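Now for the letters of each chain:
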Amino acid sequence: MPLLFQRKIGLENRPIPIPGIRDLLRDALAATGFTDATGNPLHFAPHDFRRIFTTDAVMNGMPPHIARLILGHRDINTTMGYEAVYPEEAINGHRAFIARRRELRPSEEYHSPTEEEWEEFLGHFKRRKVALGDCGRAYGTSCINEHSCIRCPLLRADPVPTATADRNPRQPDRPHCRGRTRRLVR
């Protein structure tokens, strides 16, 4: 049987029911005595391990499209939602990339970013939020479609736009989405 949690009953292997797995996890965590930052006992659900597996697999080099197949997701965005990338990991990964690249390029091309440059870089990602989802423009590039997001191939649409986005595409917190919004059908 291709199940991770199973038990032998008589002569056959049967799956352990989800409530039974929850009980086993609760008892195992209680036996450790581990607590969270507030002093409460740790709590895990079976689904948490699926998320931990996905994060660990992708962070260690598994291509996301392979993780999608293993998890049985239809949409890669669902899989990427499972992957928990923490800001520190993203920053460390970027710095490691820069270090590898600096070895190949002349050193005079590089300098450590100032606080102002770093804030501008991080601000770019906040400004990429549009009423329909996220704009996929590269840092430092301008919009090639004059902010007509509905036609843009760089738009990464949210699966279901929010009701606010449907009513008012010119939201003040998303100033560069001035195109019409319509429900997107996948």
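Source: prediction; values computed, not measured. One numbering rule holds for all chains: residues counted from 1, following each sequence as written. In keeping with the model being predicted, local features are shown solely for residues with a pLDDT of at least 70 and side-chain atom pairs are shown and tallied solely at 80 or more, while totals for entire chains, interfaces and linings include all residues. The side-chain figures draw on all heavy atoms in the structure; neither hydrogens nor water molecules are used.

1. Quick look at the confidence of the model for the protein chain
Overall, the prediction assigns the protein chain a mean pLDDT of 76, with 82% of residues at 70 or greater. Of all the helices and strands in the protein chain, helix α7 (residues 163–167) carries the lowest mean pLDDT, 48, while helix α1 (residues 18–32) carries the highest, 88. Scored from 0 to 100, pLDDT reflects the predictor's confidence in each residue. Runs of H or I in DSSP of at least four residues are treated as helices and runs of E of at least two as strands, each being numbered from the N terminus.

2. Things to note about the pairing of strand β2 (residues 12–15)
Pairing of strand β1 (residues 6–9) with β2, which is carried by four bridges, proceeds in the antiparallel orientation. From the neighbouring strand, Lys8 faces β2, where its bridge partner is Asn13. Here the rule is simple: two strands pair whenever DSSP picks up at least two bridges between them. The antiparallel pairing of β1 with β2 creates a hairpin that spans two residues between the two strands, and Gly10 there sits at a positive phi of about 65°.

3. With respect to the packing of aromatic side chains
Any Phe, Tyr or Trp ring, taking Trp's six-membered ring, that has another such ring centre within 6.5 Å forms a pair; planes under 30 degrees apart are called stacked, those over 60 apart edge-to-face, and the others tilted. Tallying each qualifying case throughout the model produces two aromatic pairs. Here Phe44 and Phe49 contribute two aromatic rings whose centre-to-centre distance is 5.5 Å and whose plane-to-plane angle is 40°, an arrangement assigned as tilted. We call a residue buried when its accessible area falls under 20% of the maximum for its residue type, exposed when it is over 50%, and partly exposed in between, using a 1.4 Å probe and counting protein chains only. Judged by relative accessible area, Phe44 falls into the partly exposed class, the value being 28%. With a relative accessible area of 39%, Phe49 lands in the partly exposed category.

4. So, the environment of Ile52
Residue position: Ile52 is located in helix α2 (residues 46–59). Among the residues examined, Ile52 registers a relative accessible area of 44% and is labelled partly exposed.

5. What to know about the sheet that holds strand β5 (residues 155–157)
One open sheet accounts for three strands, arranged β3-β4-β5; its pairing is antiparallel. In this open sheet, the two strands that pair with only one neighbour each are β3 (129–130) and β5. When strand β4 (residues 133–135) meets β5, the two strands line up antiparallel, connected through three bridges. The residue of β5 that forms the bridge with Asp134 is Arg156.

6. A closer look at α1
With 15 residues, α1 ought to run about 21 Å at 1.5 Å a step, and its terminal C-alpha atoms sit 21 Å apart, in line with that. What α1 keeps buried is the set Ile21, Leu25 and Leu29. Considered in projection along α1, the buried side chains sweep an arc of 65° and stay on one side of the axis. Projecting away from the buried face of α1 at angles above 90 degrees are the exposed residues Leu24, Ala30 and Ala31. Expected helix span is computed as 1.5 Å times (number of residues minus one). Note that the arc is computed from the directions linking the helix axis to the C-beta atoms.

7. Concerning the pattern of salt bridges
Between Lys or Arg on one side and Asp or Glu on the other, a salt bridge is scored when a side-chain nitrogen of the former is within 4 Å of a carboxyl oxygen of the latter. According to the stated counting rule, one finds three salt bridges in the structure shown. Taking the shortest distance from any N to any O, the salt bridge between Glu12 and Arg14 comes out at 2.6 Å. Residue Glu12 is classed as partly exposed on the basis of its relative accessible area of 42%. A residue is classified by how much of its surface remains accessible, and Arg14, at 37% relative accessible area, is partly exposed. Where Asp23 meets Arg26, a salt bridge forms, and the shortest distance between an N and an O atom there is 3.0 Å. Highlighted residues: Asp23 and Arg26, both in helix α1, separated by three residues, approximately one helical turn. Take Asp23: its relative accessible area is 34%, and that puts it in the partly exposed class. Put simply, Asp23, Arg26 and Asp27 are held in one network by salt bridges that share partners.

8. Topic: the environment of Ala45
Considering the arrangement of structural elements, one finds Ala45 in the loop between α1 and α2. For the pair Ala45 and Pro19, spaced 26 residues apart in sequence, the C-alpha to C-alpha distance is 9.9 Å.

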